[in-house]
Amino acid sequence: MSLAEPATLPVAATAPPRLLLLRRFSARFKTSLPAYLLLLPSLIFLALFTYGATGRVMIDALYQRATPKAPVRFVGFENINAVLADPAFTGAIVNNLVYAVGTAIPSIGLALLFALALSRTNAFNSVLRAALFLPVLIPMVAASALFLFIFLPNVGLLDYYIGRLLPVLPNWLGDSDIALYAIMVITIWKNAGYYMLFFLAGLQAVPEDVMEAAHLDGAGPYQRLRHIILPELKPTFLFVTVIATLNAVTQVDHVFIMTKGGPSNATNLVLFYIYQQAVEHYDIGKASAATLLTLAALMGLTVLSFRTMANREGGP
């Protein structure tokens, strides 16, 4: 090539910027297409039964229908105002708060104790882990029927053994002062083994060299637990707390089987209140409004919890 001839540039260097962007997008799309195809069934399911259902609830909360055959009437935010002014909804919120605290703290505490006791892997610990995890595999309806038999007054298993110690036996599910605490027992029994798995996984991330160094320096089990293990388990604690809170709001099978929200709404939780409005009273607008309020509270709690987790992980 003579000096007078212009140098030939590659085609990519002479292509217009829009064409370059289009080629890059096409290359990335071809690379990502198999992943999107694999995710497509889950995305369709999520769109139909999560986002689609949420959108339908938002629309239904703005309308009211007195009977199944009555015409739909637009009422705006009247359903939300009616739910907020309903004493039954306020009572359900209070019950749910007590239920959430009364089930989350014991469940998480027992799960941590189980995980610490069974952290070493051997045949005996594996059997105990399976035994503690077994209640998780039992459906809530079946577990509720089992505990219903246990709590039967005078003839139940609990009264059979406690009757030898107490002259007067309480009505576990019929007394408004203790019925809510009675149904907490089944939730703690079912969830402690489930949360134990998260703590077992979290304990695997505790550095062994740090534990050995602390042991050589004379730190006892309590000092190692307080200054090494618990700080390392902070993200696990936060994650399990979110899961336990969500479970406290979304579990309602045992209430339906054991108490139907009674006595005197003492065990009426938010989700059972929504069921009552939608199925028993056929007030879809009010039930949708209560669902929206519950979703907003759960989303706010979840975002706050995960932001706290991100700040702790990114902090010094």
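Reading guide: rules and limits
Residues numbered from 1 in each chain as written. Predicted model: local features only at pLDDT ≥ 70, side-chain atom pairs only at ≥ 80, totals over all residues. Heavy atoms only, no water. Helix = DSSP H or I, 4+ residues; strand = E, 2+ residues; numbered from the N terminus. Rg over C-alpha atoms; globule rule 2.2 N^0.38 Å. Contact = heavy atoms within 4.5 Å. Areas by Shrake-Rupley, 256 points an atom, 1.4 Å probe, with all protein chains shown as cover. Axes fitted to C-alpha atoms, helices over the stretch in contact; angles between N-to-C directions. Parallel < 35°, antiparallel > 145°, perpendicular 65-115°, else oblique. Nonpolar A, V, L, I, M, F, W, Y, C, P; charged D, E, K, R; others polar. Buried < 20%, exposed > 50% of the residue type's maximum accessible area, 1.4 Å probe, protein only.

A. How the structure looks around the overall build of the chain. Counting its secondary structure elements, the chain contains 14 helices and 2 strands. A compact globule built from 316 residues should have a C-alpha radius of gyration of about 20 Å, whereas the chain, at 28 Å, is more than 25% larger. The C-alpha extent of the chain, read off along each of the three principal axes, is 115 × 75 × 35 Å. Contacts spanning at least 24 positions in sequence make up 67% of the contacts within the chain whose residues lie at least 6 apart. Carbon and sulfur atoms form 69% of the exposed surface of the chain, whose accessible area is close to 19,800 Å².

B. Expanded view of the packing of helix H4 (residues 87-117) against helix H13 (residues 270-280). For the pair H4 and H13, interaxial distance at closest approach is 8 Å and the crossing angle is 150 degrees. It follows from the interaxial angle that H4 and H13 lie roughly antiparallel. Contact residues: Ala88, Phe89, Ala92, Ile93 and Asn96 in H4; Val270, Leu271 and Tyr273 in H13. Within the contact of H4 with H13, the residues separate by chemical class into 7 nonpolar, 1 polar and no charged.

C. Inspection of the environment of Val57 at higher detail. Tracing the chain through its elements places Val57 in helix H2 (residues 17-60). Sequence-wise, Val57 and Gly285 are 228 residues apart; in three dimensions their C-alpha atoms are separated by 8.4 Å. Residues in contact with Val57, not counting those within four places in the same chain, are Ser288, Thr291 and Leu292.

D. Looking closely at unusual backbone geometry. The peptide bond linking Gly262 to Pro263 adopts the cis configuration, its omega dihedral lying at -5 degrees. The residue Pro263 is located in the loop between helix H12 (253-258) and H13 in this model. Phi at Asn154 takes a positive value of approximately 75 degrees, unusual for a residue other than glycine. Along the chain, Asn154 turns up in the loop between helix H6 (140-150) and helix H7 (157-162). Positive phi is not limited to glycine here, since Lys260 has a value of about 55 degrees. Within the secondary structure, Lys260 is located in the loop between H12 and H13.

E. Here's a closer look at the environment of Tyr195. For Tyr195, the location among the structural elements is in helix H8 (residues 179-203). Given the relative accessible area of 1%, Tyr195 is considered buried. Residues Tyr195 and Ala111 lie 84 residues apart in sequence; the distance between their C-alpha atoms is 5.6 Å. Here Tyr195 is in contact with Ser107, Ile108, Ala111, Val240, Ile243, Ala244 and Asn247, once residues within four sequence places are set aside.

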